[in-house]
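Structure assessment
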Amino acid sequence: MILGIIQSFASLILPMLAWLILPQDWDFIIRSSFKVHSWQIFLFICGLPSLLSGVIFIVLPESPKFLMSQGRNTEALFVFQQIYAVNRRQSRDSYPVEKKNTIRQLIEEVPSRDSIHIPSAIFTVEGKSSKLNKSQKTTSFKQSLHDGWLQMRPMFHKPLLSRSLHVYLMLFALLLGLNSIRLWLPQLFASISKYEALHTDPSDSTDLCTILEFSVNKTQDVQSYTSDCSAYKNISMDMYLNNIIVAVIGLLGYFCAMFIIRVLGPKRLANYSLVVAALFGIGLYWSTDSLATLIISALFVNISSIATTSLNGLILTLFPTTLRTSVASLSMMFGRLGSLSGNLLFPIFMEYGCLPPFLMVSSMTIFASILSWLLPKETEFT
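How each quantity is defined
- Residues numbered from 1 in each chain as written.
- Predicted model: local features only at pLDDT ≥ 70, side-chain atom pairs only at ≥ 80, totals over all residues.
- Heavy atoms only, no water.
- Helix = DSSP H or I, 4+ residues; strand = E, 2+ residues; numbered from the N terminus.
- Buried < 20%, exposed > 50% of the residue type's maximum accessible area, 1.4 Å probe, protein only.
- Contact = heavy atoms within 4.5 Å.
- Areas by Shrake-Rupley, 256 points an atom, 1.4 Å probe, with all protein chains shown as cover.
- Phe/Tyr/Trp six-rings, centres within 6.5 Å; stacked < 30°, edge-to-face > 60°.
- UniProt positions renumbered as here; feature names shortened; annotations may be inferred.
- Polar contact = N/O pair within 3.5 Å; in protein donor to acceptor, adjacent residues only side chain to side chain.
- Pairing = 2+ DSSP bridges.
- pLDDT = per-residue confidence, 0-100.
- Core = buried A, V, L, I, M, F, W, Y, C linked by side-chain atoms within 4.5 Å.
- Axes fitted to C-alpha atoms, helices over the stretch in contact; angles between N-to-C directions.
- Parallel < 35°, antiparallel > 145°, perpendicular 65-115°, else oblique.
- Left-handed = near helix turned anticlockwise from the far one by under 90°.
- Nonpolar A, V, L, I, M, F, W, Y, C, P; charged D, E, K, R; others polar.

**Things to note about the overall build of the protein**
A count of helical and extended segments in the protein gives 14 helices and two strands. Taking all 382 residues of the protein together, 37% fall into the buried category. Contacts spanning at least 24 positions in sequence make up 73% of the contacts within the protein whose residues lie at least 6 apart. Summing over all exposed atoms, the protein offers an accessible surface of approximately 22,600 Å²; the carbon and sulfur share of this is 64%.

**Some remarks on the packing of aromatic side chains**
Scanning all chains against the criterion turns up seven aromatic pairs. Seen from their ring centres, tryptophan 184 and phenylalanine 346 are 5.0 Å apart, and the 45° between their planes marks the pair as tilted. Taken together, the residues span a long stretch of sequence, with tryptophan 184 in the loop between α7 (160-182) and α8 (185-198) and phenylalanine 346 in helix α13 (residues 324-350) at a distance of 162 residues. Relative accessible area serves as the criterion here: at 5%, phenylalanine 346 is assigned to the buried category. Centroid distance phenylalanine 346 to phenylalanine 358: 6.0 Å. Interplanar angle 90°. Geometry classified as edge-to-face. Note that phenylalanine 346 is positioned in helix α13 and phenylalanine 358 in helix α14 (residues 355-373), a separation of 12 residues in sequence. Comparing phenylalanine 346 with phenylalanine 358 shows no difference in burial state: the two are buried.

**Some points on the UniProt feature "transmembrane region" (unreviewed entry) in the protein**
Under the UniProt annotation, "transmembrane region" (unreviewed entry) lies at residues 39-60, 165-185, 240-262, 269-288, 294-315, 327-349 and 355-375. Helix and strand shares over residues 294-315 are 100% and 0% respectively, and the end C-alpha atoms of the span are 31 Å apart. Annotated as residues 327-349, this span is 100% helix and 0% strand, and its ends, taken at the C-alpha atoms, are 32 Å apart.

**Structural notes on the side chain of serine 287**
Note on placement: serine 287 falls in the loop between α11 (237-283) and α12 (290-316). You can call serine 287 buried: its relative accessible area is 2%. A distance of 2.5 Å separates polar atoms of two side chains, one belonging to serine 287 and the other to threonine 293. Setting aside chain neighbours within four positions, we find serine 287 in contact with Asp207, Leu208, Ala292 and Thr293.

**Quick look at unusual backbone geometry**
Look at the link from lysine 158 to proline 159: it is a cis peptide, with omega at 0°. Looking at the element boundaries, proline 159 is found in the loop between α6 (141-152) and α7. Even without being a glycine, arginine 89 presents a positive backbone phi close to 55°. Relative to the helices and strands, arginine 89 is located in the loop between α4 (73-88) and α5 (97-109).

**Description of the environment of serine 372**
Within the fold, serine 372 resides in helix α14. The buried category is assigned to serine 372, whose relative accessible area is 0%. In contact with serine 372, not counting residues within four places along its chain, are Met170, Lys267, Asn271, Leu274 and Leu311. Within polar-contact distance, the side chain of serine 372 engages the side chain of asparagine 271 at 2.6 Å.

**Here we look at the pairing of strand β2 (residues 34-37)**
The pairing of strand β1 (residues 27-30) with β2 spans four bridges and is classified as antiparallel. Within β2, the residue paired with aspartate 27 across the bridge is histidine 37.

**Digging into the confidence of the model for the protein**
For the protein, the average pLDDT comes to 78, and 80% of its residues sit at 70 or higher. This stretch, residues 110-136, has a pLDDT under 50; its non-local contacts, to residues over four places away or in other chains, come to 52 contacts. Between residues 222-227, whose pLDDT stays under 50, and residues either more than four places distant or in other chains, the model counts one contact.

**Digging into the nonpolar core**
Ile181, Trp184, Leu185, Phe189, Leu208, Phe346 and Phe358 are the most contacted members of the largest nonpolar core, which has 38 residues in total. Looking at this core, the elements that each hand over two or more residues are α1 (2-21), α2 (38-59), α7, α8, α9 (208-221), α11, α12 and α14. When residues no more than four places from it in sequence are discounted, the contact partners of isoleucine 181 are Leu284, Phe300, Val301, Phe346, Phe358 and Val361. Leu171, Leu311, Phe319 and Leu375 belong to the second-largest nonpolar core, a separate cluster that totals 21 residues.

**Observations regarding the environment of glutamine 90**
Relative to the elements of secondary structure, glutamine 90 occurs in the loop between α4 and α5. Of the residues examined, glutamine 90 reaches a relative accessible area of 38% and is grouped as partly exposed. Setting aside anything within four residues of it in sequence, one finds glutamine 90 in contact with Tyr84 and Ala85.

**Some thoughts on the packing of α7 against α12**
The geometry of α7 relative to α12 is characterised by a closest axis approach of 10 Å and an angle of 155° between their N-to-C directions. Accordingly, the angle class assigned to the pair α7 and α12 is roughly antiparallel. In the packing of α7 onto α12, the handedness of the crossing is left-handed. In this structure, α7 uses Val167, Met170, Leu171, Leu174, Leu175, Gly177, Leu178, Ile181 and Arg182 to contact α12, whose residues at the interface are Phe300, Val301, Ser304, Ser305, Thr308, Leu311, Asn312 and Ile315. Of the residues assigned to the contact of α7 with α12, the class counts are 11 nonpolar, five polar and one charged.

Written as structure tokens, this is what we have:
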């Protein structure tokens, strides 16, 4: 849940940053030909964290598991000593001997390629020097692919094959429903703001279906994309405020989930959350005003996100340690495919009326909930 809290903080900062930058009528001309607008500055600032993360990753050490899988066990122990020194705020030299016995068990799980019998010498770092001698053995690209396939091969055989397909299908359906709404929210809030600005009569309907019809008609009216993008737009502050409210609700939700998960466990928390989220998903169809739309959509997005976070941690325990990185990567891939499919299908279903897209979102969330109920019990995860 800590990761979810961090993501919620980022989701809170993003609309605030947009609020500060996008409404500005900024036009900078570089070398008399290249124009920089406020939205380009916003995108540049949003890209800085990724750039900074990439730079930080350069200086991070390899994981001990990877080093041991390459037979570089001395370096793995050195990394463990560094972790110990940072966490305990003590010298690496004070790394306790009993910890090395634990390292012995880990190394036996992922032994050196060069020897089946692991000598005790690998559990010490001579002179505790920070400069280590790396393994001189190099591996060809073909051999690396072969070794990677050997490591992943159990995933494509019983009993892990059915479990893998179960997990990937569940995340595909879950993120199809979740991101169909979440990625659509900024446009939805912008449409609500435009609609309310043009329809000031209290008797005018502000239900979600009316706003959707208004949004579709406005999109069809746009003729010149060039002039529409370059012209300054006076965007209502309500759009930014609504996105901030969604982020705040998510932040509070994750704080509460930190305590609830201790009582229910990750599996039941995900199960119950997805059922509730599905009800909110279909409930959007009956939203009668902008406030109800904001509340229901915020609850749907954040409850579904909490369920996703719970399941992401849970599914890794279904697989052996050597496969968890691959499972996490493939799970993310299928989740992204679900997100892409949802955003392609949502406007197609809208052509058949207001109800079908929300039925799609709700049914996919219910389907993901059923699959989460069918996951093995926690006692079977080992």
